Amino acid sequence: MQYRYIGRTGLRVSPICMGTMTFGTQCDKKEAFRIMDKAYAHGVNFYDTAELYPVPPAADLAGITEQWVGEWMQTKPRDSIILATKVAGAASGWFVPPIRHGLTAIDRFHIERAVEGSLKKLNTDHIDLYQMHWPDTIVPIEESLEAFDRLVRSGKVRYLGTSNDTAYGTTKALMTSHCKGLARFESIQNNFSLLNRRFLDELSMLCEKEQVSLLPYSPLAGGVLSGKYNQAMKPEEAHGRFADYLKSPHQRQRAMAQRFMNDKTLASTQQYLKIAADAGMHPITLATAWSKQFSFVASTIIGATRAEQLDASLAAMNLTLSDEILRACDKVHENILYPMG
């Protein structure tokens, strides 16, 4: 196993991280345990969750994912697992979380409430990587970082990370930490895949220069890169999250589905399917391997609803794509620029 370090930390993680956002909606506890057991048996030591999970978020289910992860961790040596979770982002943004009565913020009160709740549900005395799920555009970053820093100093949290952040937001946070002597964000968890290369525009340079690690989520672009939507007579007739979202009464979910699943993403995916077939590998393996093959990436976050789905993703664990395959993938992007917008 070629372990990698997150940022400038002592966190030594597998190149594949097991994401858990499906646990509680798209799979039950028994299957969730099977998924985590299989990942662990294959050398995955890094597990990512959030106080808001599972997805889609719901007030009656929020927190059940952390609870299940905590129960599962009791079956393993705690020091063998690198555990990451997140405090829900601010309700002032694009989404109002169905927790704490929809009044969440990245301030002292909510950060302290969130971490205490996560520690209890996860049944652990510390969190290895504590992340801001998305930024707060109202609360000053100084207040947020001072609250996070207290968690590090108390020993409840080892290191900090951000998520769904911009180059500006991440840079400002890093400079604030530097100037005030506070614990800094060592990682950023953003959407990054063959269909969404936006991270390469600016954030990749920030990560390289500042030694911040990307933890890519959705390497399959919400399952689109598996090819399941290409194989259906009509994409909306396929089985999958975005097929359901297209029929959702909620405008935000429909907009998200259309971003991930449109003429450009499906046309790009068709070409990636051919590249994978010509190379004799599963398209999921190709997409997962591509997402982790950058120097600024520490670990790619995968997901599953059934343990059997892990095989193709885990096959990318120690796989290095050839220059020829990488050039072929780049050619697809050159022909269909930024298919997700």
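Since the model is a prediction, treat every value here as computed from it, not as a measurement. (Residues numbered from 1 in each chain as written. Predicted model: local features only at pLDDT ≥ 70, side-chain atom pairs only at ≥ 80, totals over all residues. Heavy atoms only, no water.)

(A) A look at the pairing of strand β7 (residues 157-163). The element β7 is extensively covered by neighbouring structure, given that five of its seven residues are classed as buried. Bridge count between strand β6 (residues 127-132) and β7: four bridges; the pairing is parallel. Bridged to Ile127 within β7 is Val157. The handedness of the β6 to β7 crossover, carried by helix α4 (residues 141-154), is right-handed. Pairing of β7 with strand β8 (residues 185-189), which is carried by four bridges, proceeds in the parallel orientation. Residue pairing in the sheet places Leu160 in a bridge with Phe185 of β8. Between the parallel elements β7 and β8, the chain passes through helix α5 (residues 167-180) in a crossover that is right-handed. (Buried < 20%, exposed > 50% of the residue type's maximum accessible area, 1.4 Å probe, protein only. Helix = DSSP H or I, 4+ residues; strand = E, 2+ residues; numbered from the N terminus. Pairing = 2+ DSSP bridges. Right-handed = clockwise from strand over helix to strand, strands pointing away.)

(B) Spatial organisation of the nonpolar core. Of all hydrophobic cores here, the largest spans 44 residues; its most connected members are Phe199, Val224, Phe242, Tyr272, Leu286 and Cys329. Counting residues per element, the ones that place at least two in this core are α5, α6 (203-210), α8 (241-246), α9 (251-260), α10 (263-279), α11 (283-292) and α13 (323-335). Considering every element that reaches this core, the biggest residue donor is α11, with five residues. The residues touching Val224, leaving out its near neighbours within four places in the chain, are Leu195, Tyr229, Asn230, Phe242, Phe260, Leu266 and Thr269. Membership of the second largest hydrophobic core comes to 23 residues, among which are Cys27, Met36, Leu83 and Leu310. (Core = buried A, V, L, I, M, F, W, Y, C linked by side-chain atoms within 4.5 Å. Contact = heavy atoms within 4.5 Å.)

(C) Quick look at the sheet that holds strand β9 (residues 213-214). Pairing is parallel in the open sheet, where eight strands are placed in the order β9-β8-β7-β6-β5-β4-β3-β10. On the outer flanks of this sheet lie β9 and β10 (300-302), each paired with one strand and no other. Along the sheet, α11 makes contact with β3 (16-19) and β10, crossing β10 at roughly 150 degrees. (Axes fitted to C-alpha atoms, helices over the stretch in contact; angles between N-to-C directions.)

(D) View of the packing of aromatic side chains. Per the stated rule, a full pass over the model turns up 14 aromatic pairs. Seen in terms of ring centroids, Trp290 and Phe294 are 5.0 Å apart; in terms of plane orientation they differ by 80 degrees. Their pairing is edge-to-face. With relative accessibility at 23%, the residue Phe294 sits in the partly exposed group. Residue placement shows Lys76 over the ring face of Tyr40; its charged tip is 5.3 Å from the ring centre. Just above the ring of Tyr338 sits the side chain of Arg198; from NZ or CZ to the centre is 3.6 Å. (Phe/Tyr/Trp six-rings, centres within 6.5 Å; stacked < 30°, edge-to-face > 60°. Lys NZ or Arg CZ within 6 Å of the ring centre and 35° of its normal.)

(E) Spatial organisation of the packing of α5 against α6. With their axes 9 Å apart at the nearest point, α5 and α6 run at an angle of 20 degrees to one another. Between α5 and α6, the crossing angle belongs to the class labelled roughly parallel. When you trace α5 past α6, the crossing you get is left-handed. Contact with α5, carried on its side by Ala167, Thr170, Thr171 and Leu174, involves Leu203, Leu206 and Glu210 of α6 and no other residues of that element. (Parallel < 35°, antiparallel > 145°, perpendicular 65-115°, else oblique. Left-handed = near helix turned anticlockwise from the far one by under 90°.)

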